[in-house]
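Residues per chain, in single letters:
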Amino acid sequence: MAVNNRDSSTVKAGDGTVTVSGWIQETRNLGGISFVILRDRHGTIQLTLPKKKVDPELFASLTTLSRESVVTVTGEVKESNQTDLGVEIIPSSFTLESEAAVPLPMGVVDKVNVEMDTRLNNRFMDLRKPEVRAVFELKSLMVRLITEAMEDRDFVQVNTPKIGASGAEGGATLFKVDYFGKPAYLAQSPQLYKQILMSSGLDRVFEMAPAFRAENSNTNRHVTEFISFDGEMSWIESMEDVMSMIEDVMDSVITGLKERGAKWLKAMDKDISIPKRPYPRLTYSDCLEMANAGGLSLKDGDDLGIEGEKIVGEVMSQKGYDMYFITEYPEEAKPFYIMEKDGTPYCYSFDLDCKGQEISSGGQREHRYDRLTARMQRFDLDTEDFAFYLDAFRYGMPPHGGWGIGIERLLVKLLDLPNVREAILFPRDPSRLSP
Ligand code: ATP
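In short, a report on the structure.

Conventions adopted
Residues numbered from 1 in each chain as written. Predicted model: local features only at pLDDT ≥ 70, side-chain atom pairs only at ≥ 80, totals over all residues. Heavy atoms only, no water. Helix = DSSP H or I, 4+ residues; strand = E, 2+ residues; numbered from the N terminus. Buried < 20%, exposed > 50% of the residue type's maximum accessible area, 1.4 Å probe, protein only. Areas by Shrake-Rupley, 256 points an atom, 1.4 Å probe, with all protein chains shown as cover. Near = heavy atom within 4 Å. Polar contact = N/O pair within 3.5 Å; in protein donor to acceptor, adjacent residues only side chain to side chain. Phe/Tyr/Trp six-rings, centres within 6.5 Å; stacked < 30°, edge-to-face > 60°. Lys NZ or Arg CZ within 6 Å of the ring centre and 35° of its normal.

### Notes on the overall build of the protein chain
And step 1. The helix and strand tally for the protein chain stands at 12 helices and 17 strands.
And step 2. Expressed along its principal axes, the backbone C-alpha trace of the protein chain runs to roughly 90 × 55 × 40 Å.
And step 3. Buried residues in the protein chain amount to 49% of all 435 residues.
And step 4. Within the structure as shown, the protein chain displays about 20800 Å² of accessible surface, and the carbon and sulfur contribution to it stands at 50%.

### A few points about the site of the ligand
And step 1. Glu 215, His 222, Glu 358, Ile 359 and Ser 361 are the nearest of the 13 residues found near the ligand.
And step 2. Taking Ile 359, its main chain carries an N or O atom lying 2.8 Å from an oxygen atom of the ligand.
And step 3. With respect to the ligand, the side chain of Ser 361 contributes an N or O atom lying 2.8 Å from an oxygen atom.
And step 4. Burial of the ligand by the surrounding chains reaches 84%, relative to a free accessible area of 580 Å².
And step 5. For the shell around the ligand, the secondary-structure elements that each account for two or more residues are strand 16 (357–364) and strand 17 (400–406).
And step 6. By residue number, the principal contributor to the shell around the ligand is strand 16, which donates 4 residues.

### So, the packing of aromatic side chains
And step 1. Within the structure shown, the criterion is met by 11 aromatic pairs.
And step 2. Aromatic pair Tyr 179 and Phe 180: ring centres 4.9 Å apart, planes at 70°, arrangement edge-to-face.
And step 3. Taken together, a centroid distance of 5.3 Å and an interplanar angle of 80° make the contact between Phe 336 and Tyr 337 edge-to-face.
And step 4. Since its relative accessible area comes to 4%, Phe 336 is described here as buried.
And step 5. An aromatic cluster of three or more residues is present, and its members are Phe 336, Tyr 337, Phe 386, Tyr 389 and Phe 393.
And step 6. If you follow Lys 276 out to its NZ or CZ, it ends over the ring of Tyr 321, 4.7 Å from the centre.

Pasting the structure below:
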């Protein structure tokens, strides 16, 4: 009896008659014999059609179908030393499920370089390439590994609202929406809500959810919608507790990707290295110095920027470090909810960079109501607008800290991919709202 098999890579000699389905990747007609390469999610399998041995009608119709047409084929499995799988199928019948139009909007196996825009406009076709699809197999695994790593450490997974009355990261990057005639905003991060939860007794929470930033920046690292992996934890003694939690979680996730994602890494011809621990703790001033020694002229208080981060990444990579924290930021450079470092111009905030790019920001939060409201006033924020947040600080708030990691940035840096869009199925940026 034919087995309906949706994983061609498991077909083996001795299976007898099988049924496989997939896309026609390629057809080679050599006169007396034709070969059709059929592709599914897991790989390709060769259909071999010796003209004299298969039904002439079947031969004529199967070998002339357009590339990327979808078929279901039943046939006999034969051993073969000519194919990677060690088997081939001699078809005895087939069903044409859907015929592909010609020409294709872009090739699947052709070696020509296709522009990113063409790829994203035809993402369904782009994703038929195993090495492109593998990124999303790995992303799915990464989400699973993060969930496991966090639950193992007693974090509760939460979902906070994505529409709200105010933002956490400053007005300039808020998307405004019409909420039944009232202004509302898409969440830039779950910052305020995960902090509120610290006062609820759920003392370790995490979330992986979309974050929206109305940033009109056309770079290879910014999009307007990304998945933010946020963690927040109470009862910390210092932000060092948060940083070592990140190191632990990263270790589990990256080891898991290497071990459980080996098949997909192979499809991409990539390997991931496990960052050396402890991750070095650089200060912001160290980084300014490195950036300036590398040709920039940044002043104290300036943002390191894409170029500065890149230079620091090069210096650290020469020392053998892919991941490193940057600490001792000037307090006015970081958001209002960060704790200031008394008696200094700095604050308890850090960035985590990977190979020359920021992938996370975090720190210890100001949990003392009076200090927090004073800092908000200095930032010219109207505390009335944040009453829902501030209430949680008035009736008992533990010391706490946390982080936000852009999971697409993390994944593309681990995989050495050139653009954050490579890890987003349907990216959104200032010039892309569809597909
Ligand atoms: P950058 O300075 O690189 O624009 P940011 O300081 O605005 O980042 P945070 O607000 O600290 O970023 O957000 C935490 C993390 O979320 C970042 O380290 C990054 O991984 C991710 N992130 C932030 N903005 C974006 C974006 N526009 N596109 C993709 N990921 C982002």
